[in-house]
Amino acid sequence: MASSASVGASARVDLDGNPIKPLTICMIGAGGFIGSHLCEKLMSETQHKVLALDVYNDKIKHLLEPDNLPWHGRITFHRLNIKHDSRLEGLIKMSDLTINLAAICTPADYNTRPLDTIYSNFIDALPVVKYCSENNKRLIHFSTCEVYGKTIGSFLPKDSPLRQDPAYYVLKEDESPCIFGSIEKQRWSYACAKQLIERLIYAEGAENGMEFTIVRPFNWIGPRMDFIPGVDGPSEGVPRVLACFSNNLLRGQPLKLVDGGQSQRTFVYIKDAIEAVTLMIENPARANGHIFNVGNPNNEVTVRQLAEMMIKVYSKVSGEQPPETPTIDVSSKEFYGEGYDDSDKRIPDMTTINRQLGWNPKTSLWDLLESTLTYQHRTYAEAIKKVIAKPVAS
Ligand SMILES: NC(=O)c1ccc[n+]([C@@H]2O[C@H](COP(=O)([O-])OP(=O)(O)OC[C@H]3O[C@@H](n4cnc5c(N)ncnc54)[C@H](O)[C@@H]3O)[C@@H](O)[C@H]2O)c1
Ligand SMILES: O=C(O)[C@H]1O[C@H](OP(=O)(O)OP(=O)(O)OC[C@H]2O[C@@H](n3ccc(=O)[nH]c3=O)[C@H](O)[C@@H]2O)[C@H](O)[C@@H](O)[C@@H]1O
């Protein structure tokens, strides 16, 4: 199979050997973590044009300025909120493909701001789906691995040998059920909203022939993920685990393990995952009508093991000694508040993405943490020192 990433931008071919025509892509949420990496890839390795829509552009500023960048004119930023902006339909109409990344997607918000979470992940995505369907435009929509919720195995007795059987925990796009907690466990407001927008998109495909691809990311991590509280985000803000642990390490504080850090996750390097998205963009015949898990089943750890590895890697890249008390346990109620609940384990089945796009992740957890924590140290260590040195206002 020809690798489209390995050939020059002008001679790019798809997985079936056909030349790839430059596309105009309307990317909603382009200023976020995933969007910034996708824009970077599309600018440096392809000839596609990007209409980048977001309310912020800090994470893609380096792609927009100065005017003499090699991709000048291929990326334009449109500052808009899709909740209420009449330019949205026009921008979708001007494009060959729309990619929707816009969402509230930090777990600390799901149970504390459930209305904003549901509006952001379902209601605000409705016009995007509608405009794509009405104007016969292809849509790549970002969902989440959280739509699987909890594994079937988590409901078996603790000592059941079936818990070790992959049939009870591997998550398959076309087979696994979506298992959420009760309504008062508002953690699931995000997963449920994402599930309903997936169902709507699927139905637009089935009833109206809309061309779509749904992406279910499994804990993509890397540079520019979220924010460091008190430096480039609110002091009281709670980002996702990579940024929480980075913040603790940068400040020399213990890493907080929610409910003992027993939940398991598989982490994939953002740069590997972006390769998968590029394959979806450039191989519509293979990607349309599919839902894809995008993760790294080989990088599974408990959150406690993640903390231990991050402590070791950070010590290596910063030259600093680990904190005296490296980790502390906190209850989920104390950390996230009432209504929190958790996914127990997330192993993606890779059959569909392997078959359709021939994609596999490459980067080990140690290596991806080494490059990411090198970035975190270089970007934030000095700023943190200044914040810590500042006298607290009385
Ligand atoms: N990072 C992951 O591992 C991961 C995992 C599962 C799902 N996802 C999904 O992928 C998508 C992107 O995630 P991310 O990690 O890049 O998150 P992110 O928060 O970094 O990026 C989302 C971007 O959308 C923008 N946005 C939100 N609401 C908007 C609105 N109303 N109008 C305009 N822009 C708006 C935000 O400003 C932000 O820049 C989300 O849909 C998320 O649910 C990500
Ligand atoms: O990244 C994904 O694939 C999806 O999962 C994430 O959900 P989750 O993995 O639970 O969120 P994290 O903040 O990354 O937390 C991972 C685990 O670490 C724990 N944690 C988090 C932060 C912390 O300081 N300590 C800690 O123990 C959490 O309780 C959870 O068990 C988010 O919901 C989404 O961004 C996304 O849809």
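Residues numbered from 1 in each chain as written. Chains lettered and ligands numbered in written order. Predicted model: local features only at pLDDT ≥ 70, side-chain atom pairs only at ≥ 80, totals over all residues. Heavy atoms only, no water.

Novice: Give a description of the site of ligand 1 that names residues and reports values.
Specialist: The environment of ligand 1 is formed by 24 residues, the closest being Phe33, Asp54, Asn81, Tyr190 and Trp220. The separation between an oxygen atom of ligand 1 and a polar main-chain atom of Ile34 is 2.8 Å. Between an oxygen atom of ligand 1 and a main-chain N or O atom of Trp220, the distance comes to 2.8 Å. Look at ligand 1: alone it shows 820 Å² of surface, and the protein chains cover 90% of it. Among the elements of the structure, α1 (33-45) and α7 (189-208) are those that each provide at least two residues to the shell around ligand 1. By residue class, the composition of the shell around ligand 1 is 14 nonpolar, 7 polar and 3 charged. (Near = heavy atom within 4 Å. Polar contact = N/O pair within 3.5 Å; in protein donor to acceptor, adjacent residues only side chain to side chain. Areas by Shrake-Rupley, 256 points an atom, 1.4 Å probe, with all protein chains shown as cover. Helix = DSSP H or I, 4+ residues; strand = E, 2+ residues; numbered from the N terminus. Nonpolar A, V, L, I, M, F, W, Y, C, P; charged D, E, K, R; others polar.)

Novice: I'd like to hear about the pairing of strand β2 (residues 49-54), residue by residue, with values.
Specialist: The buried fraction of β2 amounts to 5 of the 6 residues, a majority that puts the element mostly inside the structure. Across 5 bridges, the pairing between strand β1 (residues 24-28) and β2 is parallel. Note that in β2 the partner of Ile28 across the bridge is Leu53. Considered for its hand, the β-α-β crossover made up of β1, α1 and β2 is right-handed. When β2 meets strand β3 (residues 75-79), the two strands line up parallel, connected through 5 bridges. (Buried < 20%, exposed > 50% of the residue type's maximum accessible area, 1.4 Å probe, protein only. Pairing = 2+ DSSP bridges. Right-handed = clockwise from strand over helix to strand, strands pointing away.)

Novice: Explain the sheet that holds strand β12 (residues 290-294) to me, and be specific about the residues and the numbers.
Specialist: The sheet built from 7 strands is open, its strands ordered β3-β2-β1-β4-β5-β7-β12 with parallel pairing. On the outer flanks of this sheet lie β3 and β12, each paired with one strand and no other. Sheet twist, expressed as the average angle between the axes of neighbouring strands with direction ignored, equals 15°. Contacts from helix α6 (residues 126-134) reach β1, β4 (97-100) and β5 (138-142) within the one sheet, and its direction differs from that of β5 by about 160°. Running over the sheet, helix α9 (residues 270-282) touches β1, β4, β5, β7 (212-217) and β12 and is turned about 160° from β5. (Axes fitted to C-alpha atoms, helices over the stretch in contact; angles between N-to-C directions. Contact = heavy atoms within 4.5 Å.)

Novice: Outline the UniProt feature "domain: NAD-dependent epimerase/dehydratase" (unreviewed entry) in the protein chain, listing residues and values.
Specialist: On the UniProt side, "domain: NAD-dependent epimerase/dehydratase" (unreviewed entry) is annotated at positions that read residues 25-295 here. Within residues 25-295, the helical portion is 34% and the strand portion 18%, while the C-alpha atoms at the span's ends are 24 Å from each other. (UniProt positions renumbered as here; feature names shortened; annotations may be inferred.)

Novice: Describe the confidence of the model for the protein chain, naming the residues involved and giving the relevant values.
Specialist: Here the protein chain averages 96 in pLDDT, and 96% of its residues register 70 or above. In the model, residues 1-8 has pLDDT below 50 throughout and makes 16 contacts with residues more than four positions away in sequence or in other chains. Interface scoring of the predicted complex returns ipTM 0.99; its pTM is 0.97. (pLDDT = per-residue confidence, 0-100.)

Novice: Residue-level account of the site of ligand 2, with values.
Specialist: In the region of ligand 2, 26 residues are neighbours, and Tyr110, Glu146, Tyr190, Asn219 and Asp342 sit closest. Measuring from an oxygen atom of ligand 2, one finds a side-chain N or O atom of Arg346 at 3.0 Å. For ligand 2, the protein covers 97% of the area, taking 710 Å² as the surface of the free molecule. Of all the secondary structure elements, the ones that give two or more residues to the shell around ligand 2 are α4 (107-110), α8 (241-251), β9 (255-258) and α12 (332-336). Across the shell around ligand 2, the residue classes tally to 16 nonpolar, 3 polar and 7 charged.

Novice: So, unusual backbone geometry: which residues are in play, and what are the values?
Specialist: Look at the link from Glu65 to Pro66: it is a cis peptide, with omega at -5°. Mapped onto the fold, Pro66 is located in the loop between α2 (61-64) and β3. At Arg224, a position not held by glycine, the phi torsion is positive, near 70°. Secondary-structure assignment places Arg224 in the loop between β8 (220-221) and α8.

Novice: Could you give me a rundown of the environment of His72, with the residues and numbers involved?
Specialist: Considering the arrangement of structural elements, one finds His72 in the loop between α2 and β3. Taking the C-alpha atoms as reference points, His72 and Arg113, separated by 41 residues in sequence, lie 39 Å from one another. Engagement of the side chain of His72 in a polar contact is seen with the backbone oxygen of Asp67, the distance being 3.3 Å.

Novice: Let's hear about the pattern of salt bridges: which residues, and what values?
Specialist: Per the counting criterion, the structure on display carries 22 salt bridges. Taking the shortest distance from any N to any O, the salt bridge between Asp124 and Lys83 comes out at 2.6 Å. With Asp124 in the loop between α5 (114-121) and α6 and Lys83 in the loop between β3 and α3 (87-93), the pair connects residues that are 41 residues apart, well separated along the chain. What makes Lys83 partly exposed here is its relative accessible area of 46%. Of the charged contacts, one joins Asp109 and Arg113 as a salt bridge, the two residues approaching to 3.3 Å between their closest N and O atoms. (Salt bridge = Lys/Arg side-chain N within 4 Å of Asp/Glu carboxyl O.)

Novice: Any details on the packing of helix α11 (residues 303-318) against helix α14 (residues 365-389)? Residues and values, ideally.
Specialist: Between α11 and α14, the least distance of the axes is 9 Å, while the angle of their chain directions is 55°. Classified by the interaxial angle, the pair formed by α11 and α14 is oblique. Read as a crossing pair, α11 and α14 show a hand that is right-handed. The segment α11 lies against α14, with Leu306, Met309, Met310, Lys312, Val313, Tyr314, Lys316, Val317 and Ser318 engaging Leu365, Trp366, Leu369, Glu370, Leu373, Thr374 and His377. (Parallel < 35°, antiparallel > 145°, perpendicular 65-115°, else oblique. Left-handed = near helix turned anticlockwise from the far one by under 90°.)

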